[in-house]
Amino acid sequence: MGAVHSSSNSLSLSFPSNSTFTTHQCPTTASPTATFSHKSLSKSCLFNPSTLFVITHSRNLAKVAFSNKGSSSVALRRRRRRRCGRVEAMESQKAEVIVKPSFDPFSIQSELLEKMVYDALVWSSLHGLLVGDRKSQKSGKVPGVDMVHAPFALLPMSFPETHWKQACEVAPIFNELVDRVSLDGEFLQKSLSRTKKVDAFTSRLLDIHSKMLEINKKEDIRLGLHRSDYMLDEETKSLLQIELNTISSSFPGLSCRVSELHRMLLHQYKEHLLLDPERIPINNAVNGFADALAKAWKEYDNPRAVILFVVQPEERNMYDQHWLAEVDAVGELQADGTLLVGGEAVAVIYFRAGYAPTDYPSELEWKARLLMEQSSAVKSPSISYHLAGTKKIQQELAKPGVLERFVENKDDITKLRKCFAGLWSLDESHIVNDAIERPGLYVMKPQREGGGNNIYGDDVKESLLRLQQAGNEEDAAYILMQRIFPAQSPAILMREGASHREQTVSELGVYGAYLRIKEKIVVNNSPGYLMRTKVSSSNEGGVAAGFAVLDSIYLV
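On a predicted model such as this, the values are computed, not experimentally measured, just so you know.

(A) Fine view of the sheet that holds strand 17 (residues 423-425). If you walk across this open sheet you meet the three strands as 17-19-18, and the pairing is antiparallel. At either margin of the open sheet sits one strand with a lone partner, and together these are strand 17 and strand 18 (442-446). Ignoring strand direction, the axes of neighbouring strands in this sheet form an average angle of 30°. Where strand 18 and strand 19 (residues 478-482) come together, five bridges link them in antiparallel fashion. If you follow Tyr-442 over to strand 19, its bridge partner there is Gln-482. Contacts between helix 17 (residues 458-470) and the sheet are confined to strand 18 and strand 19, with strand 18 contributing the most and set at about 55° to the helix.

Take a look at the structure:
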């Protein structure tokens, strides 16, 4: 897989890829530490100083996951109070602090705005709300060098509490739906069979999935770290799902920081803003993900095993991803299914890369993905979970009668369907014809993740006409989705130290953590959320892709 390089303090592998394989040992009761011992070299692998995702959060959770001391129950109760969908009891408030149905940030006077911006930027620098500077060649390569604050909204976005509770309530149902769909290999293969013919990337994923079906590969420990994204449709007042992410659910780290930033600002300037900071829901996404990873590691039952993170190198968003860790490594599969990386057994593999064709520039990356899938390590996601999150499967699940294949509870089915926007395949001619006539009402989506891939407006019409004229099966690489029109709201967006007054729209992502051990569900919850806000004229919404900023919600 490449040449091994060693030095006095690290082990790495030359891996010609956009994916970097990294390891971190999970904490134990005796010694929750950020390093592991490498026997063959008798040296310690170094980790970046920004590995707080696993160091700080897993260390705090170690008392809960790996200890039976009385303090564990206190920590558990504290986490329960902070779970998604719950707003902690408000403290006695001064008369001037009220819950306002709306707030116009444009009304903030210049002098006050300048003070708020300054405080927000200082707080961001001190608390790790950071990304690499795109103008620097070292950005994304050297931690702690050439950093700028992550793009964020200066104040939280108003959001209806009823729809917030709805999104949190349905999250565990979506978690279990993904798990059940992943176990139905026939459904996945059949639903994606036409797509496989015209989409090389999906085809390669299906090939790996087929190999796992052939060898009857069992995943007794199944781990899902998901995020379901929604927009609030202005006309129908409905919360409609945009997509369900089962791989690389980004920003669990930085989203928590933005919620904390906004809570601080509302405290600091409550006499001016008259907003209650307790109306910003507690965001515990990073702890929730770390907790699920730790529990999966524990169930693997090898105290010396490590957690492997697959991340993209030279990534400006490294301070969200590197709340993880980074060490290039070499892997091999043992006869008993154990995956060794740098001589260390791997218990859990967490993919923050691997969702796009650019992550597989050569056969080496595909071999590595297959190697990991064949291993006994817990994967998040496994190949079946990955496929369950594709756009085509989302569209198939929206068909009448399909949810009943996977969900028995009728109330749960109703809750899921209430979130579904209109979704259609391109073999439905009446829908395609309507999209050609009224392209502004549809979005055309390929089987891709990461932002910047969707087709809007007149481009929908042109693309559909081109596919009709071609007369081949290329249309199977796309789906059509109802376009959602959220209400516009004024916001102050922060980029590179400057504030911008903009009319914006927002997208809510609700995280889901799921862990099943054989038939026992160990974790199924929604630990936090991601709010993204963008200029209303922008179609795409990815923060890392440069379209949106990080935000939080203010319940009204």
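Past the structure itself, the notes keep going.
(B) Region of the structure containing the pattern of salt bridges. Applying the stated rule across the entire model yields 29 salt bridges. Among the salt bridges present, the one from Asp-179 reaches Arg-222, with a minimum N-O distance of 2.7 Å. Here Asp-179 is found in helix 4 (residues 161-182), whereas its partner Arg-222 is found in strand 10 (residues 221-233), with 43 residues between them in sequence. Each member of the pair Asp-179 and Arg-222 is classed as buried. Its salt-bridge partner being Glu-396, residue Lys-399 comes within 3.2 Å of it at the nearest N-O pair.

(C) Up close: the UniProt feature "binding site: substrate" (unreviewed entry) in the protein chain. Here, the residues flagged by UniProt with the feature "binding site: substrate" (unreviewed entry) are Arg-227 and Arg-532. Judged by maximum C-alpha separation, these annotated positions cover 306 residues in sequence but sit close together in space, the widest gap being only 12.9 Å. Setting aside residues up to four positions removed in sequence, Arg-227 forms contacts with Glu-243, Leu-244, Asn-245, Ser-249, Ser-250, Gly-509, Val-510, Tyr-511, Leu-530 and Arg-532. Along the polypeptide, Arg-532 turns up in strand 23 (residues 529-535). A distance of 3.0 Å separates the side chain of Arg-532 from the side chain of Asp-229, its partner in a polar contact.

(D) Structural context of the packing of helix 7 (residues 200-214) against helix 12 (residues 363-374). Viewed as axis vectors pointing N to C, helix 7 and helix 12 meet at an angle of 35°, and their least axial separation amounts to 10 Å. Viewed along their axes, helix 7 and helix 12 form a crossing whose handedness is right-handed. Contacts between helix 7 and helix 12 involve Phe-201, Arg-204, Leu-205, Ile-208, Lys-211 and Met-212 from the former and Glu-363, Trp-366, Arg-369, Leu-370, Glu-373 and Gln-374 from the latter.

(E) A look at the packing of aromatic side chains. Taken as a whole and assessed by the stated rule, the structure comprises nine aromatic pairs. Centre to centre, the rings of Phe-309 and Tyr-350 are 5.8 Å apart; their planes meet at 85°, and the pair counts as edge-to-face. Of this pair, Phe-309 sits in strand 12 (residues 306-311) while Tyr-350 is found in strand 15 (residues 344-351), placing the two residues 41 residues apart along the sequence. Across this residue pair, the class does not change: Phe-309 and Tyr-350 are buried. One aromatic cluster in this structure is built from Phe-201, Tyr-360 and Trp-366. Here the basic side chain of Arg-369 rests over the ring of Phe-351, its NZ or CZ set 4.6 Å away from the ring centre.

Parameters at a glance
- Residues numbered from 1 in each chain as written.
- Predicted model: local features only at pLDDT ≥ 70, side-chain atom pairs only at ≥ 80, totals over all residues.
- Heavy atoms only, no water.
- Pairing = 2+ DSSP bridges.
- Helix = DSSP H or I, 4+ residues; strand = E, 2+ residues; numbered from the N terminus.
- Axes fitted to C-alpha atoms, helices over the stretch in contact; angles between N-to-C directions.
- Contact = heavy atoms within 4.5 Å.
- Salt bridge = Lys/Arg side-chain N within 4 Å of Asp/Glu carboxyl O.
- Buried < 20%, exposed > 50% of the residue type's maximum accessible area, 1.4 Å probe, protein only.
- UniProt positions renumbered as here; feature names shortened; annotations may be inferred.
- Polar contact = N/O pair within 3.5 Å; in protein donor to acceptor, adjacent residues only side chain to side chain.
- Left-handed = near helix turned anticlockwise from the far one by under 90°.
- Phe/Tyr/Trp six-rings, centres within 6.5 Å; stacked < 30°, edge-to-face > 60°.
- Lys NZ or Arg CZ within 6 Å of the ring centre and 35° of its normal.

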